[in-house]
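# Results of the structural survey
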Amino acid sequence: MSQTREPPILRRRKNDLPHDIVLNILTRLPAKSLIRFRCVSKTWDSSITTSYFISTHLNNLAHNHDNGDGYIIYMPWDTNSSNRAVCTVAFDRTFDRIAEVEIPFDFTTGRAQIVGSCNGLLCLADIGKLTTSKIFIYLWNPSIKKFKRLPDSCLGQLGLVQLSCVTLGFAYHPENNDYKVVRISSYPGMKPHLTDQVAVYTLSSDSWRKVGMSLRANVMVYVNNFPSPMPLVSGALHWMARVVEDECKSDMIVSFDVNSEKFRLLGMPDGSKSIVRFQTCLASLKGKLAFLTFGQSERDYHYSMWVMREYGVLESWNQLFVVPLERISACIGFTMCGWLLIHSVESNYQAVKFVLVDTETLHEKDFDIQQPSCVATFMESLALLDGANT
């Protein structure tokens, strides 16, 4: 009597790897490869799209980027054209162009801003609408071509929206494996002073809620860090602010702890207060909070940078470098390895030059950006893979 044999496709080979080992290997592969591998089987597809797999892949990816290599992504401020805006991905250390990615949604005002970049997830907004209640904000992962438009903020119901200025921040919340967008509405032209209004969006709940600032002094957050995203350092977002206490006015840094959702004030470096400043901005430099100023001395223009070596300790501010420049310039961002990206105006005040500056050697390298741009660090990831385009 003949023995019935299983079809070959149903037989498990003796040298097949166990499923958990296969998944462990997959979590170490590039995001674009994993998108293709979803077609291998239903089991692989369902495994790759779980929150656990996505977070494990992210942890492995972040560990592999400890050497400082990564990517820069930049996009034009002005997106008002017949075609959709394009983001350009470049290698961090050389700024060599790698790829161009079309933004899959439109900006109604034609002016766009990169609010922030966390774990390969970009937050974009209409900068042309930052003085109105209804601001279009998107989360977008270019690696996997997924995006999500955020619901309207709860602050849209407040009065005086036409007199407000809005600033935004974007952060990853590692304790809950979640993402948050912080919106602060200020009223600089109002007398008496109106308290800034704050709302926080959480991706997991897909909703906004109001948050109190709860500081002893009157604080008005500045909106002048543009085009650089508000830096996320030590689990907190940071803004420059004007603080009024006992009729005394001073410039300080206000931070928002992503976990506790509490605000605190940080002092600025002492040496920065004596400089005639044309531009000030905050940044993250190799995981440290940095304060950058562009000013003028008797001989030349220059950029100065201070770094807070021990977070929250005023005395730990340390002047890292002074970059002399022969022309008026503006900072548009930093690379992961610490290079300074600036655009400068030539002597005829017409031509604009974009330069990458090594802050250690002061070597300048021209790079191919044709117009003023928003710039952010970038990495490939699976963030947002477990959600649909909405």
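As a starting point, this report considers the structure included with it. (Residues numbered from 1 in each chain as written. Predicted model: local features only at pLDDT ≥ 70, side-chain atom pairs only at ≥ 80, totals over all residues. Heavy atoms only, no water.)

### Description of the sheet that holds strand E1 (residues 71–76)
If you trace the 4 strands from one edge of the open sheet to the other, you get E3-E2-E1-E25, paired in antiparallel fashion. Each end of this open sheet is capped by a strand with a single partner; those strands are strand E3 (97–102) and strand E25 (373–378). Within this sheet the neighbouring strands show an average axis-to-axis angle of 25°, counted without direction. Across 5 bridges, the pairing between strand E2 (residues 86–91) and E3 is antiparallel. In the sheet register, Thr 88 faces E3, and the bridge partner there is Glu 100. (Pairing = 2+ DSSP bridges. Helix = DSSP H or I, 4+ residues; strand = E, 2+ residues; numbered from the N terminus. Axes fitted to C-alpha atoms, helices over the stretch in contact; angles between N-to-C directions.)

### Regarding helix H4 (residues 51–64)
With 14 residues, H4 should reach 20 Å at 1.5 Å per residue; the first-to-last C-alpha distance of 20 Å fits that figure. Of all the residues in H4, the buried ones are Phe 53, Ile 54, Ser 55, His 57, Leu 58, Asn 60 and Leu 61. Summarising the contacts, the buried residues of H4 are in contact with helix H1 (19–26), helix H2 (31–37), helix H3 (42–48), strand E8 (165–173) and strand E9 (178–186). (Expected span 1.5 Å × (residues − 1). Buried < 20%, exposed > 50% of the residue type's maximum accessible area, 1.4 Å probe, protein only. Contact = heavy atoms within 4.5 Å.)

### Examining the sheet that holds strand E5 (residues 121–126)
Strand order in the open sheet formed by 4 strands is E4-E5-E6-E7, and the pairing between neighbours is antiparallel. If you trace the sheet from one side to the other, it starts and ends with strand E4 (112–118) and strand E7 (146–149), each paired once. If you compare each strand with its neighbour and ignore which way they point, the axes differ by 20° on average. Bridge analysis of E5 against strand E6 (residues 137–141) gives 4 bridges, and the strand direction is antiparallel. The partner of Leu 124 across the bridge, within E6, is Tyr 138.

### So, the nonpolar core
Membership of the largest hydrophobic core comes to 25 residues, with the highest contact counts inside it found for Ile 137, Leu 139, Phe 170, Tyr 179 and Val 181. Counting only elements with at least two residues in this core, the list comes to H4, E4, E5, E6, E8, E9 and strand E10 (197–202). Considering every element that reaches this core, the biggest residue donor is E8, with 4 residues. For Ile 137, the contacting residues outside a window of four places in its chain are Cys 123, Leu 124, Ala 125, Lys 148, Arg 149, Leu 150, Leu 168 and Trp 208. (Core = buried A, V, L, I, M, F, W, Y, C linked by side-chain atoms within 4.5 Å.)

### Some remarks on the pairing of strand E16 (residues 263–266)
Inspection of the sheet shows strand E15 (residues 248–257) paired to E16 by 4 bridges, in the antiparallel sense. Of the residues in E16, the one forming a bridge with Phe 256 is Phe 263. Here E15 hands over to E16 after 5 residues, with Glu 261 in that stretch at a positive phi of 60°.

### Digging into the packing of aromatic side chains
Applying the stated criterion to the full structure yields 10 aromatic pairs. For the pair Phe 105 and Tyr 138, a centre-to-centre distance of 3.9 Å together with 10° between the ring planes defines the contact as stacked. Of the two residues, Phe 105 sits in the loop between E3 and E4 while Tyr 138 sits in strand E6, which places them 33 residues apart along the sequence. On the accessibility criterion, Tyr 138 (9% relative accessible area) is buried. (Phe/Tyr/Trp six-rings, centres within 6.5 Å; stacked < 30°, edge-to-face > 60°.)

### Here we look at the environment of Val 375
Relative to the elements of secondary structure, Val 375 occurs in strand E25. Note on Val 375: relative accessible area 2%, which makes it buried. It is 9.0 Å that separates the C-alpha atoms of Val 375 and Gln 113, two residues lying 262 residues apart in sequence. Apart from residues lying up to four places away in sequence, Val 375 is in contact with Ile 72, Ile 73, Tyr 74, Ile 114, Pro 229, Ile 332 and Leu 341.

### Details of the pattern of salt bridges
A side chain with one charge may pair with a side chain of the opposite charge, provided their charged atoms come close. Enumeration according to the criterion identifies 7 salt bridges in this entry. The shortest N-O distance in the salt bridge between Arg 242 and Asp 251 comes to 3.0 Å. According to the relative accessible area criterion, Arg 242 is partly exposed, its value standing at 29%. Shared partners join several salt bridges into a network, and the residues in it are Lys 180, Arg 209 and Glu 261. (Salt bridge = Lys/Arg side-chain N within 4 Å of Asp/Glu carboxyl O.)

### Section: the side chain of Lys 180
Checked against the element boundaries, Lys 180 lands in strand E9. Residue class for Lys 180 comes out buried when judged on its relative accessible area of 5%. A polar contact of 2.9 Å, which involves the side chain of Lys 180, links it to the backbone oxygen of Val 258. Polar side-chain contacts of Lys 180 include one of 2.8 Å to the side chain of Glu 261. (Polar contact = N/O pair within 3.5 Å; in protein donor to acceptor, adjacent residues only side chain to side chain.)

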